[in-house]
Every structure is written in C-alpha cells, then in structure tokens.
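Coordinate inspection notes
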Amino acid sequence: MSLSLQMLGTGNAFAKNYFNNNGLLLADDYTLLIDCGITAPLAMHTIGKSFRDVNATLITHIHADHVGGLEELALTLKHVYGKTMRLHLPETLVEPLWNNTLKGGLYQKDAVASLTDIFEVKPMKPGITYKLAPSLTLEIIHTPHIPGKDSYSLLINNEIFYSADMTFQPDLLIRLVREHGIRMILHDCQLGGSGVVHTTLEELMSLPEDVRRIIKLMHYSDEQPQFVGLTGEMEFIDQHVIYKL
Ligand SMILES: Nc1ccn([C@@H]2O[C@@H]3COP(=O)(O)O[C@H]3[C@H]2O)c(=O)n1
Ligand SMILES: [Zn+2]
Ligand SMILES: [Zn+2]
C-alpha cells in the first residue's frame, strides 16, 4: 500500500507566492483532491495534472481558498470531458455550498438546480469511517474555525490528522497522539499575530515535544522563508513536492 501527499499549494488565503492550501492525496492508483480553492485549476496545470486525473474531491469548509475552484472544475469536466466529479463533503455543507457559493455560476434552468445535478454528491457525517478506496479511509472531525461556519478536519486511514483551517485545539491534538496513536499531523499555521481563526506557530510551539515531533506545517503566509529554522521539530511542507506519508 502506498500513500502520498502532493500539495497543490501551501499558502494561506492571501498568499501570493504560494497557491491555496489544497492537496492531492494519492492512495495507490486513487487520487483524492482535498479542497479546491481559487488557485486549484492553475496549480493543477502547473504540475501537469488535470481534474480528469482526480477520482474524487473532498471539501473541508466554505472559504474561497478551499472551494473557489469548484465552478471551473465542474464546468470543465462537464462541458469539455463529459464527466462528473464525485464530491465528498460534510452533510452540513451541501446546502450552503450550493446556495451560498456555487449556484450563481452553475445554475442552469431545467438542467442544473442543485449540487447533485452537477456533482456526484457523497455527504459525510462526523464519527463515521468512510472507505473511499481499497487503501484509503476517511473520517471527518468538526473543528472550530469561524463562529457559525462549519469546518471539518480529516482523519486519514485512522493514523494521519489533516487539519482544516482551525483554531488551536491542544487537547484534541494531544489526545489524537497519545490515545489514538496518530503518527502524523498536517496542520495549518499562522506565522504571526494572534490565532483568532487559525492556529499560530507560537501556539503549536507550546505543544509537548512528542506532539510537535510529528507536526508538518501548511497554510502559511508569504513570510514563510523568514521562519525556516524557527519552527522547532516541526517542518514546513512545500507545495508540489510528493511526500510519502
Ligand atoms: N473573522 C475572520 C474571518 C476571516 N479572516 C481571514 O479571511 C480568511 C479566509 O480564508 P482562511 O484561510 O480561513 O483565512 C481567513 C483569514 O485570513 C479573518 O482573519 N478573520
Ligand atoms: Zn484557508
Ligand atoms: Zn477558512
């Protein structure tokens, strides 16, 4: 079994030197796109891949750096390739993703009136393990981000935690490592300021050493080069590099 991750981008919502924090999870010959932000179509083009190469897409929450590329993805697949993308997403996001984000661009009278008319929708509930492919299972965990906006982190194969955008949750992280045996944490990382809607580097640095040791940092600002070497045991992941997980 082979599991790898290639981030399309590792930048935060306002980064200009990095694409949006979206990733390709490669489980043997199966490819899952984790989030599809505004920059995802260009990032895919940059690494020489097409949305046709993706078996399914998963959405963590509704911010443009995570869903802004879905209109282009859906329209390209439908009108250029005659295909439909399988879309895994928390059930609470199905209605707002259509009504608040995608309807404006994708609605077509008598043809496309809901998310299910343009995607193969697979709603998910927290606490249930979903088998997406022979060597890939996924569970969603509701994690805090913006008040009133649902956001969900991921448990991959019951051994890797992939954070959505989230505020600092030390108890969850410590429990995942010490009780659940998680062996890797991919975490969003705000390099400066206070962690109002994201987790800051300073907060992650305050975690115990056994937790820090397995953390990889993503979703960072353009200031990232100034912080290389200043993150303790935690390493930044770079966009487009394929990491064996
Ligand atoms: N209350 C909020 C809401 C949003 N934001 C910024 O907007 C960005 C949206 O994408 P993100 O990646 O979640 O990061 C958010 C904050 O930078 C913020 O800083 N404070
Ligand atoms: Zn984001
Ligand atoms: Zn967000």
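Residues numbered from 1 in each chain as written. Chains lettered and ligands numbered in written order. Predicted model: local features only at pLDDT ≥ 70, side-chain atom pairs only at ≥ 80, totals over all residues. Heavy atoms only, no water.

Taking an unreviewed UniProt entry as the reference, the protein chain is identified by name as MBL fold metallo-hydrolase belonging to Paenibacillus odorifer.

With that out of the way, let us pick up the coordination of the zinc ion (ligand 2). Protein coordination at the zinc ion (ligand 2) comes from Asp65 (OD), His66 (NE2), Asp165 (OD) and His219 (NE2), with a distance range of 2.1 to 2.3 Å. The motif formed by the donor residues of the zinc ion (ligand 2), counted along the single chain, is D-H-x98-D-x53-H. Between the zinc ion (ligand 2) and the zinc ion (ligand 3), a separation of 3.7 Å is found, and both are coordinated by Asp165. Here the residue Asp65 occupies a position in helix H2 (residues 64-67), and Asp165 occupies one in the loop between strand S10 (160-162) and helix H5 (170-178), the gap between them amounting to 100 residues. (Donors = N, O, S within 2.8 Å, 3.2 Å for Na, K, Ca; no water. Helix = DSSP H or I, 4+ residues; strand = E, 2+ residues; numbered from the N terminus.)

What follows deals with the site of ligand 1. Around ligand 1, the neighbouring residues are Ala13, Phe14, His63, Asp65, His145, Ile146, Asp165, Val197, His198 and His219. Contact between ligand 1 and His198: an oxygen atom at 2.8 Å from a side-chain N or O atom of the residue. In the complex, the protein chains occlude 62% of the 420 Å² of accessible area that ligand 1 would expose alone. The residue inventory of the shell around ligand 1, partitioned by class, reads four nonpolar, four polar and two charged. (Near = heavy atom within 4 Å. Polar contact = N/O pair within 3.5 Å; in protein donor to acceptor, adjacent residues only side chain to side chain. Areas by Shrake-Rupley, 256 points an atom, 1.4 Å probe, with all protein chains shown as cover. Nonpolar A, V, L, I, M, F, W, Y, C, P; charged D, E, K, R; others polar.)

Take the sheet that holds S10 next. An order of S7-S8-S9-S10-S11-S12-S13 is seen for the seven strands of this open sheet, with the pairing classed as mixed. Of all the strands in the sheet, the pair left with one neighbour each is strand S7 (130-133) and strand S13 (235-236). Pairing between strand S9 (residues 152-156) and S10: three bridges, direction antiparallel. Across the sheet, residue Leu155 finds its bridge partner in S10, namely Phe161. (Pairing = 2+ DSSP bridges.)

The next point concerns the UniProt feature "domain: Metallo-beta-lactamase" (unreviewed entry) in the protein chain. Here, the residues flagged by UniProt with the feature "domain: Metallo-beta-lactamase" (unreviewed entry) are residues 20-219. Annotated as residues 20-219, this span is 28% helix and 26% strand, and its ends, taken at the C-alpha atoms, are 8 Å apart. (UniProt positions renumbered as here; feature names shortened; annotations may be inferred.)

Its identity as a non-glycine residue notwithstanding, Asp28 has a phi of 55°, on the positive side. The phi dihedral of Asn157 is positive, around 50°, even though this residue is not glycine. Here Asn157 lies in the loop between S9 and S10. Look at Asn157 and you get buried, because its relative accessible area is 16%. (Buried < 20%, exposed > 50% of the residue type's maximum accessible area, 1.4 Å probe, protein only.)

Evaluated as defined, the whole model comprises nine salt bridges. Between Lys125 and Glu91 there is a salt bridge, with its nearest N and O atoms 3.0 Å apart. You can see Lys125 sitting in the loop between strand S6 (119-124) and S7 and its partner Glu91 sitting in helix H4 (residues 91-106), a full 34 residues away along the chain. A salt bridge links Glu120 to Lys122; the shortest N-O distance between them is 3.8 Å. Judged by relative accessible area, which is 31%, Glu120 ranks as partly exposed. Put simply, Arg86, Glu120 and Lys122 are held in one network by salt bridges that share partners. (Salt bridge = Lys/Arg side-chain N within 4 Å of Asp/Glu carboxyl O.)

When a metal holds four donors in a tetrahedron, each ideal angle between them is 109.5 degrees; when it holds six in an octahedron, the ideal angles are 90 or 180 degrees. Taken together, the protein donors to the zinc ion (ligand 3) comprise His61 (NE2), His63 (ND1), His145 (NE2) and Asp165 (OD), at separations of 2.2 Å. We classify His61 as buried; its relative accessible area is 0%. The class of His63 is partly exposed, set by a relative accessible area of 24%.

To continue, consider H4. Along H4, the sharpest change in direction is near 50° and occurs at Leu97. Its buried side turned inward, H4 meets H2, helix H3 (70-81), strand S5 (85-90), S6 and S9. (Bend = angle between axes of the 7 residues up to and from the residue. Contact = heavy atoms within 4.5 Å.)

Moving on: the sheet that holds S5. Spatial strand order, S6-S5-S4-S3-S2-S1-S14: seven strands in an open sheet with mixed pairing. Edge positions in the sheet fall to S6 and strand S14 (242-244), since each of these pairs with one other strand and no more. Geometrically, the sheet is characterised by an average inter-axis angle of 25° between neighbouring strands, direction not taken into account. Two strands pair when backbone bridges link them, and strand S1 (residues 3-7) and S14 are joined in this way by three bridges, in the antiparallel orientation. Each residue of the ladder has a partner; that of Leu5, found in S14, is Tyr243. Contacting S5 and S6, H4 crosses the sheet at an angle of about 130° to S5. (Axes fitted to C-alpha atoms, helices over the stretch in contact; angles between N-to-C directions.)

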